[in-house]
Amino acid sequence: MTLEPTTTVALDRRLAQEQSTCRLPSVAAGLVRGGELVWSGAVGTVTGRSDGEPATADTQYRIGSITKTFVGVEVLRLRDAGALDLSDRIDDHLPETAASDFGHVTVAQLLSHSSGLQAETSGPWWERTEGGDWADLLASRPQLRFRPGARFHYSNVGYAVLGELVGRLRGVPWDEAVRTGLLDPLGMARTSLRPQAPSAPGWAVHPLADLVHVEPEHHAGAMAPAGQLWSTVEDLSRWAAFLAGGAASLLSPETLAEMCLPIVVNDTPGQAWTGAHGLGWQVWNVEGRRFGGHGGSMPGFLAGLRVDLETGDGCVVFANATSGIGPISVDLLSLLAEHEPLPTTPWTADAEQATGLDLVGDWYWGTTPYTLRLAADGGLVLGEPGVHRGSRFAPTDTGWVGLDGYHEGEPLVAHRDPDGRVGHLDLGSFRFSRTPYDPTAQIPGDVHPDRWH
């Protein structure tokens with residue numbers, strides 16, 4: 001797909017504004033649509049000096065906590081292979097943690113940052129200190145800050161534990177498991193544990209002067225699964241396409257959707273919440289539209305990955321500065337949608353829906369009216385999804401199953417009389433009849449003999 005020149009100009013201009021206004025030595029970004037990189041840009045030099053090497057879409061940047069998404073996907077691949085269950089205690093697989101403060105937390109709680117485990121290490125600032133091994137981390141006695149499952153509490157230490165879990169079950173270090181299981185199949189040859197030229201050095205930009213300070217780079221050891229990986233615009237765009245559903249051979253669409261369900265809300269007092277965490281992915285709710293991805297930061301680097309889970313449009317962005325980047329991912333995605341709107345799918349008639357016409361129309365749950373209609377995908381729509389108890393339903397062997405809202409996962413069955421007429425609907429034991437408390441329908445508790453009076 002080739003973007004219109006006016007679209008490219010608008011995207012290039014917005015990226016240049018970000019680099020200049022936020023005082024970033026360099027910034028690079030890319031947009032994904034239809035599973036491919038449709039635009040990329042880079043502004044600035046990797047040193048921040050006018051005579052430095054220009055940044056490109058092939059410049060490596062440290063991606064920080066986006067690393068966690070690779071670890072999370074590998075954990076779910078292990079689950080799908082039968083090697084673990086998300087409800088397993090972590091000491092079921094890492095028995096040495098049984099004597100720790102956190103051995104009883106579950107795999108799912110670690111993935112969703114709801115384990116209550118401390119955010120950072122007990123020792124020196126791990127992001128700026130050469131890391132020790134798993135034994136060293138365990139010896140530092142990580143502690144629970146909250147009751148497991150009680151609330152969201154971001155934990156880098158939790159992902160160190162998950163990295164050890166992946167390594168233990170795969171029989172190789174976590175990064176090798178990620179490389180062979182995910183990076184190589186996706187063609188992400190420029191994503192690595194340590195920087196590979198051409199790569200950007202990490203800088204801190206003085207907040208009150210146009211000066212830079214070198215940030216350290218090292219192996220984080222046992223903490224590496226929390227933020228070690230490096231990548232490029234071209235490589236991470238492949239990961240964005242994966243999140244958009246482009247690699248069913250590596251992870252089923254059902255598991256990917258499961259990972260992106262918001263499990264724990266990131267609640268900031270006094271503010272409307274828009275962010276949450278699923279199983280390894282951050283998810284955002286922007287005026288009802290759902291996005292998935294993750295942010296990343298390490299000393300000297302900022303990164304972001306965001307994908308519209310409905311359209312599959314995605315954005316990746318990198319900067320080699322410790323702080324300062326703005327809402328560039330949201331802005332670039334908005335510019336793409338504004339300048340290059342997705343085509344509207346034309347309506348066509350569907351003769352197969354004729355077999356379901358006896359289901360459509362008005363139904364009543366008690367005295368509450370609902371309209372049931374046929375959906376283009378072969379399912380049913382009861383009421384208005386997202387309003388009260390309106391839901392969508394997908395067909396099953398015995399009826400339908402709810403896809404969202406109050407009735408998600410609940411069975412819907414149409415009961416017919418001896419003449420084949422649909423007499424009532426049974427939705428998770430709730431009875432829907434054609435009129436309120438229809439005397440000819442089977443209503444639990446029976447219909448009062450006085451009926452309506």
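Residues numbered from 1 in each chain as written. Predicted model: local features only at pLDDT ≥ 70, side-chain atom pairs only at ≥ 80, totals over all residues. Heavy atoms only, no water.

1. Observations concerning the overall build of the protein chain
At step 1: Looking only at helices and strands, the protein chain features nine helices and 20 strands.
At step 2: C-alpha extents for the protein chain along the principal axes are approximately 85 × 60 × 45 Å.
At step 3: Among the 453 residues that make up the protein chain, the fraction classed as buried is 48%.
At step 4: Taking all contacts inside the protein chain whose residues are at least 6 apart in sequence as the whole, residues at least 24 apart take part in 59%.
At step 5: Summing over all exposed atoms, the protein chain offers an accessible surface of approximately 21300 Å²; the carbon and sulfur share of this is 53%.
At step 6: The centroid of the 32 positive side-chain charges in the protein chain is displaced by 4 Å from the centroid of its 55 negative side-chain charges. (Helix = DSSP H or I, 4+ residues; strand = E, 2+ residues; numbered from the N terminus. Buried < 20%, exposed > 50% of the residue type's maximum accessible area, 1.4 Å probe, protein only. Contact = heavy atoms within 4.5 Å. Areas by Shrake-Rupley, 256 points an atom, 1.4 Å probe, with all protein chains shown as cover. Lys, Arg positive; Asp, Glu negative; His and termini not counted. Charge placed at Lys NZ, Arg CZ, Asp CG, Glu CD.)

2. Things to note about the UniProt feature "domain: Beta-lactamase-related" (unreviewed entry) in the protein chain
At step 1: As recorded in UniProt, the sites labelled "domain: Beta-lactamase-related" (unreviewed entry) are residues 12-324.
At step 2: Between the C-alpha atoms that bound residues 12-324 the distance is 19 Å, and the span itself is 26% helix and 19% strand. (UniProt positions renumbered as here; feature names shortened; annotations may be inferred.)

3. Side note on the nonpolar core
Burial of nonpolar side chains together is a common tendency in soluble globular proteins.
At step 1: Of all hydrophobic cores here, the largest spans 75 residues; its most connected members are Phe 70, Trp 239, Phe 242, Trp 281 and Leu 305.
At step 2: With residues near it in sequence (within four places) discarded, Phe 242 still touches Val 73, Leu 186, Ala 247, Leu 250, Leu 251, Leu 256 and Trp 281.
At step 3: Counting residues in hydrophobic clusters, the runner-up holds 22 residues, among them Cys 22, Trp 39, Phe 291 and Leu 335. (Core = buried A, V, L, I, M, F, W, Y, C linked by side-chain atoms within 4.5 Å.)

4. Topic: the packing of helix α2 (residues 67-80) against helix α5 (residues 156-170)
At step 1: In the contact formed by α2 and α5, the axes pass within 10 Å of each other and the chain directions differ by 45°. Considering their axes alone, α2 and α5 lie oblique with respect to each other. In terms of crossing hand, the pair formed by α2 and α5 is left-handed. Between α2, through Lys 68, Val 71, Gly 72, Glu 74, Val 75, Arg 77 and Leu 78, and α5, the contact on the second element is made entirely by Asn 156, Tyr 159, Leu 162, Gly 163, Val 166, Leu 169 and Arg 170. (Axes fitted to C-alpha atoms, helices over the stretch in contact; angles between N-to-C directions. Parallel < 35°, antiparallel > 145°, perpendicular 65-115°, else oblique. Left-handed = near helix turned anticlockwise from the far one by under 90°.)

5. A short note on the sheet that holds strand β19 (residues 422-427)
Across a sheet, strands are paired by hydrogen bonds formed along the backbone, either parallel or antiparallel in direction.
At step 1: With antiparallel pairing, the eight strands of this closed barrel are ordered in space as β13-β14-β15-β16-β17-β18-β19-β20. For this sheet, the mean inter-axis angle between neighbouring strands, taken without regard to orientation, is 30°.
At step 2: Across three bridges, the pairing between strand β14 (residues 368-374) and strand β15 (residues 380-382) is antiparallel. Of the residues in β15, the one forming a bridge with Leu 372 is Leu 382. (Pairing = 2+ DSSP bridges.)

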